[in-house]
Amino acid sequence: MSCLSKEHRLNSSRDFKQLYQSGKKWHTPSFVAFFRSSEKLEIGFVTSKKVGNAVYRAKARRRLRAIVLENEEKIITGKYIFVAKDELLKKSYVQLQKDFNFAFKRLNLYK
């Protein structure tokens, strides 16, 4: 089952608030990753208006989702939030993959 299905979505504002306040985080040039351990894998994607108009924000979320989907078997279960930065749209997919790998190695989130 895909990590992007409905049962793996992070929806409640309470969960977002808890993750922002007490979760591990790592900044990369293209996104910020927040993590908190849990038995279930739940993922949320956030883009602010600083990234651009609705088209650019949707594109940024799609690119983040693609990277997470590619690496879903490698990451440990927990709650994740990925906050896109405006640099994300300027980078190639390979560069984004390097940022993702670096962040997850630093946070020790690979199995």
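Residues numbered from 1 in each chain as written. Predicted model: local features only at pLDDT ≥ 70, side-chain atom pairs only at ≥ 80, totals over all residues. Heavy atoms only, no water.

Undergrad: Looking at this structure, how should I read the packing of aromatic side chains?
TA: By convention here, two paired aromatic rings are described through the distance between centres and the angle between planes. Counting across every chain of the model gives 13 aromatic pairs. Between the aromatic rings of tyrosine 80 and phenylalanine 82, the centroid separation amounts to 6.1 Å while the plane-to-plane angle is 5°, which identifies the pairing as stacked. Of the residues examined, tyrosine 80 reaches a relative accessible area of 0% and is grouped as buried. Look at phenylalanine 82 and you get buried, because its relative accessible area is 1%. Aromatic pair phenylalanine 104 and tyrosine 110: ring centres 5.9 Å apart, planes at 45°, arrangement tilted. The buried category is assigned to phenylalanine 104, whose relative accessible area is 0%. (Phe/Tyr/Trp six-rings, centres within 6.5 Å; stacked < 30°, edge-to-face > 60°. Buried < 20%, exposed > 50% of the residue type's maximum accessible area, 1.4 Å probe, protein only.)

Undergrad: For this particular structure, what's the right way to read the pairing of strand β2 (residues 31–37)?
TA: Put simply, side chains in a regular strand alternate between the two faces of the sheet. Here β2 lies mainly inside the structure; five of its seven residues are buried. As judged from the four bridges shared by strand β1 (residues 24–27) and β2, these two strands associate in the antiparallel manner. Note that in β2 the partner of tryptophan 26 across the bridge is alanine 33. Two successive antiparallel strands, β1 and β2, enclose a turn made up of three residues. Of the pairings in the sheet, the one linking β2 to strand β4 (residues 78–84) comprises seven bridges and is antiparallel in character. Opposite arginine 36, over in β4, you have lysine 79 as the bridge partner. (Helix = DSSP H or I, 4+ residues; strand = E, 2+ residues; numbered from the N terminus. Pairing = 2+ DSSP bridges.)

Undergrad: Mind showing me how you'd approach the pattern of salt bridges here?
TA: When the charged atoms of two side chains lie near each other, side chains of opposite charge can form a pair. Enumeration over the complete set of coordinates arrives at five salt bridges. Aspartate 15 is paired through a salt bridge with arginine 14; the nearest N and O atoms lie 4.0 Å apart. Residue glutamate 42 is joined to lysine 79 by a salt bridge in which the shortest nitrogen-to-oxygen separation is 3.8 Å. Here the residue glutamate 42 occupies a position in strand β3 (residues 42–47), and lysine 79 occupies one in strand β4, the gap between them amounting to 37 residues. Looking at glutamate 42, the relative accessible area reads 13%, which means it is buried. Overlapping salt bridges, with partners in common, bring together Arg14, Asp15, Glu42 and Lys79 in one network. (Salt bridge = Lys/Arg side-chain N within 4 Å of Asp/Glu carboxyl O.)

Undergrad: Explain unusual backbone geometry to me, please; I cannot follow it from the model alone.
TA: Backbone phi values are negative for most residues with the exception of glycine, while trans is the configuration of most peptide bonds. With a phi angle near 55°, asparagine 108 is a residue other than glycine that sits in the positive phi range. Counting through the fold element by element, asparagine 108 comes out in the segment after α3 (93–106).

Undergrad: Please clarify how the nonpolar core should be interpreted in this entry.
TA: Taken as a class, soluble globular proteins show a tendency for nonpolar side chains to be buried jointly. Judged by nonpolar contacts, the single largest core of 22 residues is most densely connected at Phe31, Tyr80, Phe82, Phe100 and Phe104. Secondary structure elements with two or more residues in this core: β2, β3, α2 (54–70), β4 and α3. Setting aside residues no more than four positions away along its own chain, phenylalanine 104 makes contact with Ile75, Tyr80, Phe82, Leu109 and Tyr110. Ranked by size, the runner-up nonpolar core spans seven residues in total, among them Phe16, Leu19, Val32 and Val83. (Core = buried A, V, L, I, M, F, W, Y, C linked by side-chain atoms within 4.5 Å. Contact = heavy atoms within 4.5 Å.)

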